[in-house]
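What the coordinates show
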Amino acid sequence: NIVVRAVRNGDYQNLHQVYTCPGVMKNTLGLPYAPLDFWKKRTENRSPRDHVLVAEVDGRAVGSINLHYGVGRMAHSAGFGMGIHDDFHGMAGALLMDAMTDLAENWLNIQRIELQVYADNEPGIFMYQKFGFEIEGTHRNHAFRDGLYVDSYSMARLRS
């Protein structure tokens, strides 16, 4: 059973394991070899505008989603990033997405949720489209990964 809950300070060790998995590294902007202390600080020092949810299996955080919303004229808009441990792909992503979109739209009054995804991340794009995200544009040579420049898509979901 997978449980979605708010992040806890003690989750940093599991999140470090998640975000150093080869599949996660391939599909995020993170760099390999991030020290454990980086995840400890990131878990403990969150902005009030950051809402971090984790997917937990048997007491272990196996994925997370971080929703960050704007202020002022951008208060209606939020972006997010997520990572799922390689061993739990296909199981936790939809649960985290469902919880995040509920939080954003039904509790924080977010009208627009946006993301960037690598153009070759077909499973991610498929999942985002299932949740109503649409491709709005292409960023050519957006990031450097595995010795090559790769494109990414801007995607967004607008609450109707």
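What comes next is a walk through the structure. All residue numbers here refer to positions counted from 1 along the written sequence of the relevant chain. Local features in this predicted model are restricted to residues of pLDDT 70 or higher, and side-chain atom pairs are both shown and tallied only at a pLDDT of 80 or more, whereas totals for entire chains, interfaces and linings draw on every residue. Remark: hydrogens and water are excluded; side-chain values derive from all non-hydrogen atoms of the structure.

Our next topic: the overall build of the protein. Tallying secondary structure elements over the protein gives five helices and seven strands in all. Secondary structure is summarised from DSSP: a helix means a run of H or I of at least four residues, a strand means a run of E of at least two, and numbering begins at the N terminus for each. Its helices and strands in sequence order give the protein the pattern β-α-α-α-β-β-β-α-β-α-β-β, from N to C terminus. Each radius of gyration is computed over the set of C-alpha atoms, and the globule rule expresses the reference value as 2.2 Å times the number of residues to the power 0.38. Its C-alpha atoms give the protein a radius of gyration of 15 Å, within 12% of the compact-globule value 15 Å for 160 residues. Dimensions along the principal axes, computed over C-alpha positions, put the protein at roughly 40 × 35 × 30 Å. The burial tally for the protein puts 42% of its 160 residues in the buried class. It only takes one pair of heavy atoms within 4.5 Å for two residues to be counted as in contact. Of the contacts formed within the protein by residues at least 6 apart in sequence, a portion of 60% connects residues at least 24 apart. When a residue's accessible area, from a 1.4 Å probe over protein chains only, is under 20% of the maximum for its type it is buried; when over 50% it is exposed; and in between it is partly exposed.

Glancing now at the pairing of strand E2 (residues 50-57). For E2, a buried count of seven out of eight residues is recorded, marking the element as mostly surrounded by other parts of the structure. When DSSP finds two or more bridges between two strands, those strands count as paired. Where E2 lies against strand E3 (residues 60-69), eight bridges are found, and the strand directions are antiparallel. Its bridge partner being in E3, Val57 is matched across the sheet by Arg60. Linking E2 back to E3 in an antiparallel pair, the connection comprises two residues, with Asp58 at a positive phi of about 50 degrees.

What follows deals with unusual backbone geometry. A positive phi angle, close to 70 degrees, is found at Tyr33, a residue other than glycine. Inspection of the secondary structure puts Tyr33 in the loop between helix H2 (22-27) and helix H3 (36-44). Here Tyr33 falls in the exposed class, since its relative accessible area comes to 77%.

With that settled, consider the side chain of Ser154. You can see Ser154 is positioned in strand E7 (residues 148-158). For the purposes of these results, a polar contact is taken to be a pair of N or O atoms within 3.5 Å, where, inside protein, one atom must be able to donate a hydrogen and its partner to accept one; residues adjacent in sequence count only when each atom of the pair is a side-chain atom. Looking at Ser154, its side chain comes within polar contact range of the side chain of His139, at 2.5 Å. For Ser154, the residues in contact, after removing those within four places along its chain, are Leu115, Gln116, Glu134, Ile135, Glu136, Gly137 and His139.

Once that is clear, we can look at the sheet that holds strand E6 (residues 134-145). Pairing within the open sheet is mixed, and its seven strands lie in the order E1-E2-E3-E4-E5-E7-E6. Single-partner strands in this sheet number two, and they are strand E1 (2-6) and E6. The sheet shows a mean angle of 25 degrees between the axes of neighbouring strands, direction not considered. Here helix H4 (residues 93-106) sits on the sheet in contact with E1, E2, E3, strand E4 (77-84), strand E5 (112-118) and E7, set at roughly 30 degrees to E3. Here an angle of 0 to 180 degrees is reported between the N-to-C directions of two axes, which are lines fitted to C-alpha atoms, with helices fitted over the stretch in contact.

Counting through the fold element by element, Asn121 comes out in the loop between E5 and helix H5 (122-130). Here Asn121 falls in the buried class, since its relative accessible area comes to 12%.

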